[in-house]
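# Architecture and fold: a report
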Number of protein chains: 2
Amino acid sequence: MQCDPIGTVHTPFETTSDAPRQGFHDDAEGVVEIDPAYREGLSGFDADRVVVVWWADRADDILTLDRDPDRGVFTSRSPARPNPICVTECSVRSVDPTAGRVRLGGVDMADGSPVVDLKATLDDQCWAADST
Amino acid sequence: MQCDPIGTVHTPFETTSDAPRQGFHDDAEGVVEIDPAYREGLSGFDADRVVVVWWADRADDILTLDRDPDRGVFTSRSPARPNPICVTECSVRSVDPTAGRVRLGGVDMADGSPVVDLKATLDDQCWAADST
């Protein structure tokens, strides 16, 4: 199955090892730059939080954890895994749909990682469903 | 970027339209069957909840919502999107790592959808980090 980047995320972290663990810090700022072909997907974007689905393109392909070989990767959120698809919920600091820029807080991606999706959080999706 | 199925999910729903919206019901039961090559990734799996990353292989590739063309897909969690990667947090009813079977509650996938990842929930991951 082919997964195409919709954009790229810029963060202060050269590698995922340099990044804070998810949910521990919200002060790291990053920017998602959405490619022109996908910017229409940002129309009406007004949420305070967003789920960023990104591709850890420099992560290892492993089945058990280096730090504990008795634990499989499916017990973890480590970027190193068979398909290096990572999911990070971030705060949204600003959005410019025309320029395709989304400024985020709470990033943990390695700088330059491909982004493959942005999604509403479950809370926002529930709210949207309630309102229709 | 190539995304390889690690298994398949079996659910009561022929299409995602038949499925309950995420977070609204936890009574729909499904089973993930992990392919033999990836079963080692289930070692030590003992969580009550899991994040299932799956591929909506019958979903449309769209940029704005059919029900509201002023809203882009990145404001939603609809399976129809440029990369049909979906993320569903489910309860875990039982796990058989040897057989590669994970029985789940709260599924919303179309029956037979490819699974591309299983991850710890953020709560479990934080707990794991605290304990090391």
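Structure's up top.
Below, the structure is looked at part by part. Predicted model only: the values in this text are computed from it and were never measured. (Residues numbered from 1 in each chain as written. Chains lettered and ligands numbered in written order. Predicted model: local features only at pLDDT ≥ 70, side-chain atom pairs only at ≥ 80, totals over all residues. Heavy atoms only, no water.)

## What about the overall build of chain A?
Test applied: Secondary structure elements follow DSSP: runs of H or I no shorter than four residues count as helices, runs of E no shorter than two count as strands, and numbering proceeds from the N terminus. For the exposure calls, accessible area comes from a 1.4 Å probe over protein chains only, and a residue counts as buried if that area is under 20% of its type's maximum, exposed if over 50%, partly exposed in between. Every residue pair with non-hydrogen atoms within 4.5 Å of one another is taken to be in contact. In this description, accessible areas are obtained by the Shrake-Rupley approach with a 1.4 Å probe, and a residue is regarded as covered only by the protein chains that are shown.
Looking only at helices and strands, chain A features one helix and eight strands. Seen through its principal axes, chain A has C-alpha atoms that stretch 45 × 35 × 30 Å. When each of the 132 residues of chain A is scored for burial, the buried share is 52%. Contacts in chain A between residues at least 24 apart in sequence constitute 72% of all its contacts with a sequence separation of at least 6. As displayed, chain A has an accessible area near 5900 Å², and 45% of this comes from carbon and sulfur atoms.

## Details of the relation of the copies chain A and chain B
In plain terms, the rule: Here the copies were fitted onto each other by least squares, based on C-alpha atoms from residues at pLDDT of at least 70 in both.
Rotating chain A by 180 degrees and translating it 0.0 Å along the rotation axis places it on chain B, where the RMSD comes to 0.0 Å. Both chain copies can therefore be described as sitting about a two-fold axis. For chain A, the smallest separation between a C-alpha atom and the rotation axis is recorded for A:Gln2, amounting to 2.5 Å. Both copies present the same face, since 100% of the interface residues in chain A are matched by interface residues at the equivalent positions in chain B.

## Things to note about the sheet that holds strand β8 (residues 113-119) of chain A
As a reminder of what qualifies: Strand pairing is assigned whenever DSSP detects at least two bridges linking the two strands. Note on definitions: angles span 0 to 180 degrees between N-to-C directions of axes, and those axes are lines fitted to C-alpha atoms, for helices only across the stretch in contact.
The antiparallel closed barrel is built from six strands, whose spatial order is β1-β2-β7-β6-β3-β8 (chain A). On average, each strand axis in the sheet is tilted by 45 degrees relative to the strand beside it, whichever way the strands run.

## So, the pattern of salt bridges
For clarity, the cut-off: Each reported salt bridge corresponds to a side-chain nitrogen of Lys or Arg within 4 Å of a carboxyl oxygen of Asp or Glu.
Counted under the stated rule, the structure contains 14 salt bridges over all chains. Here A:Glu29 makes a salt bridge to A:Arg103, at a shortest N to O gap of 3.1 Å. Remark: A:Arg103 occurs in strand β7 (residues 101-105) and A:Glu29 occurs in strand β2 (residues 29-34); sequence separation between them is 74 residues. In this structure A:Arg103 comes out as partly exposed when scored by relative accessible area, which is 29%. With a closest N to O distance of 2.9 Å, B:Glu33 and B:Arg101 form a salt bridge. Residue B:Glu33 is located in strand β2 (residues 29-34), and its partner B:Arg101 is located in strand β7 (residues 101-105); the two are separated by 68 residues in the primary sequence. Owing to a relative accessible area of 35%, B:Arg101 belongs among the partly exposed residues under this scheme. It is possible to trace a salt-bridge network through shared partners that takes in A:Glu29, A:Arg93 and A:Arg103.

## A look at the environment of A:Arg71
Examined against the element boundaries, A:Arg71 turns out to sit in strand β5 (residues 68-72). Remark: the alpha-carbon pair of A:Arg71 and A:Ile34, spanning 37 residues in sequence, is separated by 36 Å. Once you skip the residues sitting within four places of it in the chain, A:Arg71 turns out to touch A:Thr64, A:Leu65, B:Ser43 and B:Gly44.

## Digging into the interface of chain A and chain B
The condition is simple: By convention, the term buried area covers the 1.4 Å-probe accessible surface removed from two parts as they join, with the contributions of both added. In protein, a polar contact requires one atom able to donate a hydrogen and another able to accept it; more generally it is a pair of N or O atoms within 3.5 Å, and residues adjacent in sequence count only if both atoms are side-chain atoms. Amino acids outside the nonpolar list (Ala, Val, Leu, Ile, Met, Phe, Trp, Tyr, Cys, Pro) and the charged list (Asp, Glu, Lys, Arg) are all regarded as polar, and Gly is one of them.
Listed by partner, the interface residues are 50 residues for chain A and 50 residues for chain B. For chain A, the biggest contributors to the area lost against chain B are A:Met1, A:Phe74 and A:Arg77; these three give 20% of the whole. Where chain A touches chain B, the interface holds two salt bridges. B:Arg81 serves as the salt-bridge partner of A:Asp117, at 2.7 Å between the closest nitrogen and oxygen. Where chain A packs against chain B, one counts 22 residue pairs in polar contact (both at pLDDT 80 or more). Residue assignment for the side of chain A that touches chain B shows that the elements contributing at least two residues are β3 (49-55), β5, β6 (85-96), β8 and α1 (122-130) of chain A. Taken together, the residues that form the side of chain A that touches chain B break down as 26 nonpolar, 13 polar and eleven charged.

Don't take any of this as a statement about function, it's just geometry.
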